There are 2 protein chains.
Amino acid sequence: MASQPKDVGILAMDIYFPPTSVQQEALEAHDGASKGKYTIGLGQDCMAFCTEVEDVISMSLTAVTSLLEKYKIDPKQIGRLEVGSETVIDKSKSIKTFLMQLFEECGNTDIEGVDSTNACYGGTAALFNCVNWVESNSWDGRYGLVVCTDSAVYAEGPARPTGGAAAITMLIGPDAPVVFESKLRGSHMSHVYDFYKPDLASEYPVVDGKLSQTCYLMALDSCYKRFCEKFEKLEGSSFSISDADYFVFHSPYNKLVQKSFARLYFDDFLRNSSFVDEVAREKLAPYLSLSGDESYQSRDLEKATQQVAKQLYDAKVQPSTLIPKQVGNMYTASLYAAFSSLLHNKNSSLAGKRVVMFSYGSGLTATMFSFQLREGQYPFSLSNIATVMDVSGKLKSRHEFTPENFIQTLKLMEHRYGAKDFVTSKDSSLLSPGTYYLTQVDSLYRRFYAKKSG
Amino acid sequence: MASQPKDVGILAMDIYFPPTSVQQEALEAHDGASKGKYTIGLGQDCMAFCTEVEDVISMSLTAVTSLLEKYKIDPKQIGRLEVGSETVIDKSKSIKTFLMQLFEECGNTDIEGVDSTNACYGGTAALFNCVNWVESNSWDGRYGLVVCTDSAVYAEGPARPTGGAAAITMLIGPDAPVVFESKLRGSHMSHVYDFYKPDLASEYPVVDGKLSQTCYLMALDSCYKRFCEKFEKLEGSSFSISDADYFVFHSPYNKLVQKSFARLYFDDFLRNSSFVDEVAREKLAPYLSLSGDESYQSRDLEKATQQVAKQLYDAKVQPSTLIPKQVGNMYTASLYAAFSSLLHNKNSSLAGKRVVMFSYGSGLTATMFSFQLREGQYPFSLSNIATVMDVSGKLKSRHEFTPENFIQTLKLMEHRYGAKDFVTSKDSSLLSPGTYYLTQVDSLYRRFYAKKSG
């Protein structure tokens with residue numbers, strides 16, 4: 001019988017993103033957009049995408065295998081496997097069942113969990129489910145494993161440069177270096193059509209970018225308010241930005257992350273003006289009288305808050321922005337890729353720090369929650385996680401596509417989406433050893449994958 | 001701060017199925033099938049289906065509203081809402097976010113949970129997630145709410161009579177009349193293409209009926225083996241059919257339920273021949289030498305086991321078969337509709353009984369788990385749940401469609417699936433007061449519902 005688990009959280013992580021990428025600056029030029037529209041306007045540097053040999057299943061097969069190997073986890077030690085994704089390849093069969101192939105090999109078919117679905121929030125739902133399982137009476141002493149996998153692609157137009165692709169894996173158990181502060185959690189869920197995928201035959205979403213941004217910021221406000229209330233009830237003192245060392249955001253594009261942190265800063269100012277310094281109080285005073293709606297629309301407020309929050313942004317947010325800026329929107333994996341960036345940039349120095357996470361999924365579902373970090377024991381230590389993920393190595397070994405080749409790839413993928421009876425090029429030359437890739441979809445839509453030998 | 005919860009399980013339930021139905025006997029005649037093919041061969045009596053004014057969203061809106069009203073639950077008291085479904089209307093936006101409309105009205109937007117997806121297993125995943133949440137450190141003292149909602153429709157052909165439609169709601173919390181035996185749980189998960197939905201533009205699945213049946217029985221064997229092992233480890237004595245009072249199965253069609261119970265009986269015989277009586281031992285002896293594969297295919301074995309297990313089937317299984325036989329396959333709701341049938345038929349007499357549940361989802365994911373039942377306190381009592389569900393009343397007030405009208409309805413639904421920019425007939429004349437129905441899908445695919453006034 002397993003004893004009552006303590007300090008449940010993330011023991012280990014790995015990340016995979018396709019090596020195929022396109023520079024945002026090149027895309028800007030190709031699209032005839034004004035200079036800086038994608039790089040400064042969106043705040044994005046580069047975008048990863050799947051070619052015809054990769055998809056959310058292959059990426060997650062790669063990421064799960066890699067985590068098990070690099071942390072030397074016996075597949076029999078996994079008791080729950082949860083997948084978060086909003087990239088639908090089959091409307092009934094879960095991605096989790098594809099991943100079972102990796103566990104069946106060693107005879108472990110006793111693994112709970114399925115796929116969690118709600119836009120970019122599915123990964124957070126999967127993570128919460130795994131943590132709750134470990135803390136529940138039905139826990140059998142084994143590890144949980146969370147997989148977030150998505151390929152974000154958009155129809156030609158303004159949203160296209162906000163794509164991306166990645167899979168993240170997280171091992172869940174007690175005595176973790178990344179511990180949940182379980183009682184500090186504020187959610188905001190409501191019925192909105194800001195981004196959705198009702199055209200079932202197309203991989204592309206229906207997006208109202210402006211509405212989605214407002215929904216994101218409103219949900220952020222609401223979650224932060226609840227998070228602060230819960231903190232105050234629990235700790236008997238008020239919460240402000242200064243009570244956390246880092247803030248990590250779901251990152252559709254970096255500009256929204258900048259706006260979001262500035263928004264939290266404005267929220268602090270509204271809650272208690274002494275939370276911000278005198279210069280900021282003066283700068284923000286003119287916006288005190290704005291209604292909620294006005295405040296979401298005011299460019300002046302946006303500018304003013306970003307300016308006064310700039311120094312704090314650089315210290316508390318910027319270290320988590322690397323991968324989202326380099327890889328793009330990874331939907332369910334986005335928040336955890338941002339967190340991976342923080343681990344990569346700050347690793348051991350994070351011990352003793354509090355990290356606030358904000359997860360957002362259109363439709364909409366959003367939660368703010370927090371971690372307490374500590375170095376942990378090898379192999380489940382902050383420094384080893386950073387080493388295993390090898391973010392620099394993965395970013396360096398990428399292959400740049402021209403915008404023309406990128407667009408050509410997306411055209412091919414449009415035809416392939418939902419199709420049957422085809423073989424791919426089986427060209428794995430751009431992939432690293434150990435990467436899974438799609439070889440064939442047969443006449444019954446069954447998908448076949450191979451693993452590039454090492 | 002919430003105290004450590006005890007006896008977590010199902011506090012309350014409600015069920016909704018469309019009042020529109022077709023008799024299997026009439027369908028048999030219309031299809032030119034041999035007499036008894038659907039009624040005896042499949043074991044089905046009647047099938048419910050959605051007309052153009054109902055879908056999985058409207059059914060779940062109806063079922064959630066009904067549960068909250070009938071048990072007098074303040075919507076603010078819900079802290080987690082989980083949906084299980086395999087009927088995809090949108091590939092990104094969850095059904096849960098549609099249901100948030102019911103809670104936003106009273107200002108409760110702090111509700112965790114999303115949709116769980118894997119064929120017919122999603123409801124069980126949602127249920128486990130809710131129970132684990134109540135038992136976790138992040139529980140905030142409020143109720144969990146599980147919704148299973150599906151519309152099962154098939155292309156013309158042999159699978160069509162195995163359709164059905166329903167939504168089930170279950171309220172989750174401590175001190176429940178239906179308590180989970182959390183440590184008794186055996187799962188079997190693997191990668192199979194027995195039933196899946198890869199044709200994204202069609203509502204119909206790709207089905208290999210024979211393979212799916214074998215997968216179901218193999219998963220049943222595997223789960224039962226693990227369930228027995230865990231029981232033996234925990235209790236220090238062996239488990240056999242005699243240790244549970246009722247067995248409830250996921251019910252695509254009743255014949256499979258008959259086969260499944262017979263299979264468990266055969267498993268008991270194989271594990272320890274003294275688990276079965278002398279007559280059965282003699283009858284089953286010739287099949288001892290069959291390999292696993294052979295045993296799944298042997299019609300003689302099937303016949304022999306069903307015969308020797310008949311009396312036990314009538315006592316331990318038959319009381320749970322009413323709604324699945326009358327309504328059809330309800331996918332994620334099927335297992336819980338079977339359990340509702342048991343509550344309906346046996347209500348208070350179930351106090352003190354153990355019920356074994358078998359959940360199966362193609363692809364595949366399966367779990368055997370068990371409940372301990374007790375009368376509980378009103379309104380969360382076995383007898384009140386049976387009263388609230390009013391299964392007899394709902395079955396009696398249905399409207400029979402002719403096979404021709406049923407087929408015509410399905411044709412219309414084929415065109416409507418994934419479509420935009422249309423209004424429905426808005427004809428709610430066949431629906432009970434309080435039922436939600438679809439009125440319009442606009443040019444942006446946004447769906448609008450109305451509630452029939454009471």
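Keep in mind that this is a model prediction, so the values were computed, not measured. (Residues numbered from 1 in each chain as written. Chains lettered and ligands numbered in written order. Predicted model: local features only at pLDDT ≥ 70, side-chain atom pairs only at ≥ 80, totals over all residues. Heavy atoms only, no water.)

## Notes on the packing of aromatic side chains
Piece 1. Under the defined criterion, the tally for this structure stands at 46 aromatic pairs over all chains.
Piece 2. Look at Tyr216(A) and Tyr360(A): their rings are 5.0 Å apart centre to centre, the planes differ by 50°, and that puts the pair in the tilted class. Of this pair, Tyr216(A) sits in helix H7 (residues 209–235) while Tyr360(A) sits in strand E12 (residues 354–361), and the two are 144 residues apart along the sequence.
Piece 3. For Tyr216(A), a relative accessible area of 1% puts it in the buried group.
Piece 4. Taking relative accessible area as the criterion, Tyr360(A) reaches 2% and is therefore assigned buried.
Piece 5. Taken together through their ring pairs, the aromatic side chains of Phe128(A), Phe180(A), Phe339(A), Phe369(A) and Phe371(A) make up a single cluster.
Piece 6. In this structure, Lys93(A) packs its charged tip against the face of Tyr193(B), placed 5.1 Å from the ring centre.
Piece 7. A cation over an aromatic ring shows up here: Arg185(B) above the ring of Phe128(B), its NZ or CZ 3.7 Å from the ring centre. (Phe/Tyr/Trp six-rings, centres within 6.5 Å; stacked < 30°, edge-to-face > 60°. Helix = DSSP H or I, 4+ residues; strand = E, 2+ residues; numbered from the N terminus. Buried < 20%, exposed > 50% of the residue type's maximum accessible area, 1.4 Å probe, protein only. Lys NZ or Arg CZ within 6 Å of the ring centre and 35° of its normal.)

## Description of the packing of helix H13 (residues 334–346) of chain B against helix H14 (residues 382–389) of chain B
All names here are of chain B.
Piece 1. Direction vectors running N to C along H13 and H14 enclose 110°, while the axes themselves pass 9 Å from each other. It follows from the interaxial angle that H13 and H14 lie roughly perpendicular. On H14, the residues that touch Ser340, Leu343 and His344 of H13 are Leu382, Ile385, Ala386 and Met389.
Piece 2. Looking at side-chain class alone, the contact of H13 with H14 contains five nonpolar, two polar and no charged residues. (Axes fitted to C-alpha atoms, helices over the stretch in contact; angles between N-to-C directions. Parallel < 35°, antiparallel > 145°, perpendicular 65-115°, else oblique. Contact = heavy atoms within 4.5 Å. Nonpolar A, V, L, I, M, F, W, Y, C, P; charged D, E, K, R; others polar.)

## Description of the relation of the copies chain B and chain A
Piece 1. Rotating chain B by 180° and moving it 0.0 Å along the rotation axis overlays it on chain A with an RMSD of 0.0 Å. On the angle and the small slide along the axis, the relation comes out as a two-fold axis.
Piece 2. A shared binding surface is used by both copies, with 100% of the interface residues of chain B retained as interface residues in chain A. (Least-squares fit on C-alpha atoms with pLDDT ≥ 70 in both.)

## Examining the environment of Val248(A)
Residues and elements named next belong to chain A.
Piece 1. On the secondary structure map, Val248 appears in strand E11 (residues 246–249).
Piece 2. Put simply, Val248 and Glu181 are 67 residues apart on the chain and 15 Å apart in space, counted from C-alpha to C-alpha.
Piece 3. Residues contacting Val248, with those up to four places away along its chain left out, are Ser320, Leu335, Ala338, Phe339, Leu342, Val355, Val356, Met357 and Phe358.

## Side note on the UniProt feature "domain: Hydroxymethylglutaryl-coenzyme A synthase N-terminal" (unreviewed entry) in chain A
Piece 1. UniProt's feature table lists "domain: Hydroxymethylglutaryl-coenzyme A synthase N-terminal" (unreviewed entry) at residues 5–177 of chain A, given in the numbering used throughout.
Piece 2. Taken end to end, residues 5–177 of chain A comprises 29% helix and 26% strand; its first and last C-alpha atoms sit 14 Å apart. (UniProt positions renumbered as here; feature names shortened; annotations may be inferred.)

## Structural notes on the interface of chain B and chain A
Piece 1. Facing 74 residues of chain B, the contacting portion of chain A comprises 74 residues.
Piece 2. With both sides pooled, the region where chain B packs onto chain A buries about 6300 Å², and carbon together with sulfur makes up 52% of that total.
Piece 3. Linking chain B with chain A are four salt bridges.
Piece 4. Across the salt bridge formed by Asp110(A) and Lys230(B), the nearest N and O atoms sit 3.1 Å from each other. (Buried area = accessible area lost by both parts, 1.4 Å probe. Salt bridge = Lys/Arg side-chain N within 4 Å of Asp/Glu carboxyl O.)

## Some points on helix H1 (residues 24–31) of chain B
Residue and element names in this part refer to chain B.
Piece 1. Residues Gln24, Leu27 and Glu28 constitute the buried set of H1. All buried residues of H1 fall inside an arc of 105° around its axis, so they share one side.
Piece 2. Against strand E2 (20–23), helix H2 (37–41), strand E3 (46–48) and helix H16 (403–416) lie the buried residues of H1.
Piece 3. Phi turns positive one or two residues past the end of H1, at Gly32, with a value near 70°. (Arc of directions from axis to C-beta.)

## Remarks on the sheet that holds strand E2 (residues 20–23) of chain A
Residue and element names in this part refer to chain A.
Piece 1. Spatially, the three strands line up as an open sheet ordered E3-E2-E16, and their pairing is mixed. Of all strands in the sheet, those bounded by a partner on one side alone are strand E3 (46–48) and strand E16 (399–400).
Piece 2. Here helix H1 (residues 24–31) sits on the sheet and contacts E2 and E3; the angle it forms with E2, its principal contact strand, is near 60°. (Pairing = 2+ DSSP bridges.)

## Quick word on the nonpolar core
Most often, soluble globular proteins keep nonpolar side chains buried together rather than apart.
Piece 1. The biggest cluster of nonpolar side chains holds 190 residues, and the ones touching the most others in it are Phe339(A) and Phe339(B).
Piece 2. Excluding residues within four positions of it along the chain, Phe339(B) makes contact with Ile10(B), Met13(B), Val178(B), Val248(B), Val355(B), Met357(B), Phe371(B) and Leu373(B).
Piece 3. By size, the runner-up hydrophobic cluster in this structure holds 55 residues, among which are Phe269(B), Leu301(B), Val356(B) and Leu410(B). (Core = buried A, V, L, I, M, F, W, Y, C linked by side-chain atoms within 4.5 Å.)

## A closer look at the pairing of strand E11 (residues 246–249) of chain B
All names here are of chain B.
Piece 1. Residues Tyr246 and Val248 line one face of E11 and the alternating positions Phe247 and Phe249 line the opposite face, and both faces are buried.
Piece 2. Across four bridges, E11 lies against strand E12 (residues 354–361) in parallel orientation. Each residue of the ladder has a partner; that of Phe247, found in E12, is Val356.

## So, the pattern of salt bridges
Piece 1. Applying the stated criterion across every chain yields a total of 46 salt bridges over all chains.
Piece 2. Residue Glu69(A) pairs with Lys451(A) through a salt bridge whose shortest N-O separation is 3.6 Å. Taken as a pair, Glu69(A) in helix H3 (residues 56–70) and Lys451(A) in strand E19 (residues 447–451) lie far apart in primary sequence, 382 residues in all.
Piece 3. A relative accessible area of 51% means that Glu69(A) is categorised as exposed.
Piece 4. Residue Lys451(A) is classed as partly exposed on the basis of its relative accessible area, which comes to 38%.
Piece 5. Among the charged side chains, a network of salt bridges with common partners joins Arg80(A), Glu82(A), Glu112(A) and Arg185(B).

## Remarks on unusual backbone geometry
Piece 1. With an omega dihedral of 5°, the bond running from Tyr378(A) to Pro379(A) counts as a cis peptide bond.
Piece 2. Mapped onto the elements, Pro379(A) comes out in the loop between strand E14 (376–377) and strand E15 (380–381).
Piece 3. Cis geometry marks the peptide bond from Gly363(B) to Leu364(B), where omega comes out at 0°.
Piece 4. Residue placement: Leu364(B) occurs in the loop between E12 and strand E13 (365–373).
Piece 5. The phi dihedral of Asp390(A) falls on the positive side, at around 45°, and the residue is not glycine.
Piece 6. Tracing the backbone shows Asp390(A) in the loop between helix H14 (382–389) and helix H15 (391–396).
Piece 7. Since its relative accessible area comes to 40%, Asp390(A) is described here as partly exposed.
Piece 8. Within the chain, Tyr445(B) stands out as a residue other than glycine whose phi angle is a positive 70°.
Piece 9. With respect to the element layout, Tyr445(B) can be found in the loop between strand E18 (436–441) and strand E19 (447–451).

## Focus on the packing of helix H6 (residues 122–135) of chain A against helix H6 (residues 122–135) of chain B
Piece 1. At a minimum axis distance of 8 Å, the contact between H6(A) and H6(B) shows a crossing angle of 60°. Put simply, H6(A) runs oblique to H6(B). In the crossing of H6(A) with H6(B), the sense of the turn from one axis to the other is left-handed. Contacts from Asn129(A), Asn132(A), Trp133(A) and Glu135(A) of H6(A) reach H6(B) at Asn129(B), Asn132(B), Trp133(B) and Glu135(B).
Piece 2. Taken together, the residues of the contact of H6(A) with H6(B) sort by class into two nonpolar, four polar and two charged. (Left-handed = near helix turned anticlockwise from the far one by under 90°.)

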